[in-house]
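Per-entry structural report
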Amino acid sequence: MLDVDLLAGPMRDMTGSGDEVEAARSALRDARRVLVLTGAGVSAESGIPTFRGEDGWWKRRDPMELATPEAFGREPDEVWAWYDYRRRLIADAEPNAAHRALAGWAGDGREVRIITQNVDDLHERAGSDDVIHIHGSIWRVRCTGCGAVYEDRRAPLPELPPTCDRCGDHPVRPDVVWFGESLPAAELRRVQAVFDRGAIDLALVIGTEAVFGYIRQWAELARRAGAMLVEVNPSRTGLSGIVDLRMAGKAGEVLGGLGDGDAP
Ligand code: NAD
Ligand code: ZN
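It should be emphasised that the depicted structure is a prediction, and the values quoted were computed from it without experimental measurement.

So, the nonpolar core
Of all hydrophobic cores here, the largest spans 26 residues; its most connected members are Trp105, Leu204, Ile206 and Leu255. Contributions of two or more residues to this core are made by α2 (19–30), β2 (33–38), α7 (97–105), β3 (111–116), β8 (202–206), β9 (228–232), β10 (245–247) and α11 (251–256). Per element, the largest residue contribution to this core is 4 residues, and it comes from α7. Excluding residues within four positions of it along the chain, Trp105 makes contact with Leu28, Arg110, Val112, Leu204, Leu255, Leu258 and Gly259. Counting 23 residues, the second-largest nonpolar core is a separate cluster that includes Ala71, Val119, Ile138 and Trp139.

Things to note about the side chain of Asn96
Mapped onto the elements of the fold, Asn96 is located in the loop between α6 (76–92) and α7. Asn96 sits in the buried class, given a relative accessible area of 7%. Polar side-chain contacts of Asn96 include one of 2.7 Å to the backbone nitrogen of Ala98. Residues contacting Asn96, with those up to four places away along its chain left out, are Val42, Ser43, Glu45, Ser46 and Gly252.

Here we look at the confidence of the model for the protein
The pLDDT averaged across the protein works out to 87; a share of 85% of its residues lies at or above 70. Every residue in residues 1–17 is under pLDDT 50, and counting partners more than four places away or in other chains gives 33 contacts.

Quick word on the environment of Gly252
By secondary structure assignment, the location of Gly252 is in helix α11. With 207 residues separating them along the chain, Gly252 and Glu45 place their C-alpha atoms 7.0 Å apart. Excluding its chain neighbours within four sequence positions, the residues that come into contact with Gly252 are Glu45, Asn96, Ala97 and Ala98.

Here we look at the coordination of the zinc ion (ligand 2)
At 2.3 to 2.4 Å from the zinc ion (ligand 2) lie its protein donor atoms, namely Cys143 (SG), Cys146 (SG), Cys164 (SG) and Cys167 (SG). Because the angles between the 4 donor atoms bound to the zinc ion (ligand 2) fall within 105 to 120 degrees, the donor set is best described as tetrahedral. Along the chain, the residues donating to the zinc ion (ligand 2) are arranged with the sequence spacing C-x2-C-x17-C-x2-C. For Cys143, a relative accessible area of 3% gives the class buried.

Considerations on the packing of aromatic side chains
A complete count under the given rule lists 7 aromatic pairs for this structure. Taking 5.5 Å as the distance between ring centres and 45 degrees as the angle between the ring planes, the aromatic pair formed by Phe72 and Trp178 counts as tilted. Taken together, the residues span a long stretch of sequence, with Phe72 in helix α5 (residues 69–74) and Trp178 in the loop between β7 (172–176) and α9 (185–196) at a distance of 106 residues. Ring geometry for Tyr83 against Trp178: centres 6.2 Å apart, planes inclined by 55 degrees, an arrangement best described as tilted. One end of the pair, Tyr83, is in helix α6; the other, Trp178, is in the loop between β7 and α9, and 95 residues separate them in sequence. Residue classification places Tyr83 among the buried positions, given a relative accessible area of 3%. A relative accessible area of 2% means that Trp178 is categorised as buried. Members of the aromatic cluster, each reached through a chain of ring pairs, are Phe51, Phe72, Trp82, Tyr83 and Trp178.

Reading the values: the criteria
Residues numbered from 1 in each chain as written. Chains lettered and ligands numbered in written order. Predicted model: local features only at pLDDT ≥ 70, side-chain atom pairs only at ≥ 80, totals over all residues. Heavy atoms only, no water. Core = buried A, V, L, I, M, F, W, Y, C linked by side-chain atoms within 4.5 Å. Buried < 20%, exposed > 50% of the residue type's maximum accessible area, 1.4 Å probe, protein only. Helix = DSSP H or I, 4+ residues; strand = E, 2+ residues; numbered from the N terminus. Contact = heavy atoms within 4.5 Å. Polar contact = N/O pair within 3.5 Å; in protein donor to acceptor, adjacent residues only side chain to side chain. pLDDT = per-residue confidence, 0-100. Donors = N, O, S within 2.8 Å, 3.2 Å for Na, K, Ca; no water. Tetrahedral: all angles 85-135°; square planar, octahedral: opposite > 155°, others 65-115°. Phe/Tyr/Trp six-rings, centres within 6.5 Å; stacked < 30°, edge-to-face > 60°.

Below you can see the structure in the form of structure tokens.
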């Protein structure tokens, strides 16, 4: 059962401990099916900046301009160097308390499905299985000509986009979703399957601006499937107005304290 008080009242901001933390904890304790939607903010405490964060590269070039097929066509070496830089950052990063908490909640009859917009692999490295990467993976590349996909291409890659081994003709690109591109059909089918399986008890939206319509749509679908909808983000977002509970704080700190009640 969800805490009626949490659902009945206006949306609340929760920053500290108290009854509301306890209510969120008990919702988690009772939940059999948990859906988690994550964005760049969940990896921020691992040292991987969000596109809006403070960072030299991000200041020099606007990611909205670099993360496009047009940019790759125009200046492939610059886009490739940007991805190489991000690969190095991600390779050196460790999962944080948020990734670990989410991985730890699964099991004992509780299913935790993660749909991430992130191209890093920190959820997996923390121990989460079957993470749905709707924006692709930074470790995968694919040929712009024949479409061959190469898994697990670890850093360092050559500075310039390498040519495809299979066709020998075209450059390979990061197998990620760039602005203006559609979401991968296989991942969309996996998202659909999550909703087809019925009731969801708890849905968390963590570290995302939710600027993409589908994130908002999936949050709303989860709520319609019965979920208590909780946002974890230090700042308000486009979703803040529709969630049942807002936990204003960093993902690692908030989730680390939500689990089994033994956190400081
Ligand atoms: P986003 O929508 O993912 O926004 C980041 C959000 O995280 C903001 O709302 C911010 O308030 C919040 N945030 C910052 N620090 C946080 C913390 N410690 N805990 C919880 N929330 C925190 O937007 P973006 O960063 O502009 O990214 C746009 C696209 O690029 C998305 O697909 C995003 O996932 C992707 N991206 C991925 C990575 C990665 O794979 N790690 C990094 C940067 C961007
Ligand atoms: Zn090819």
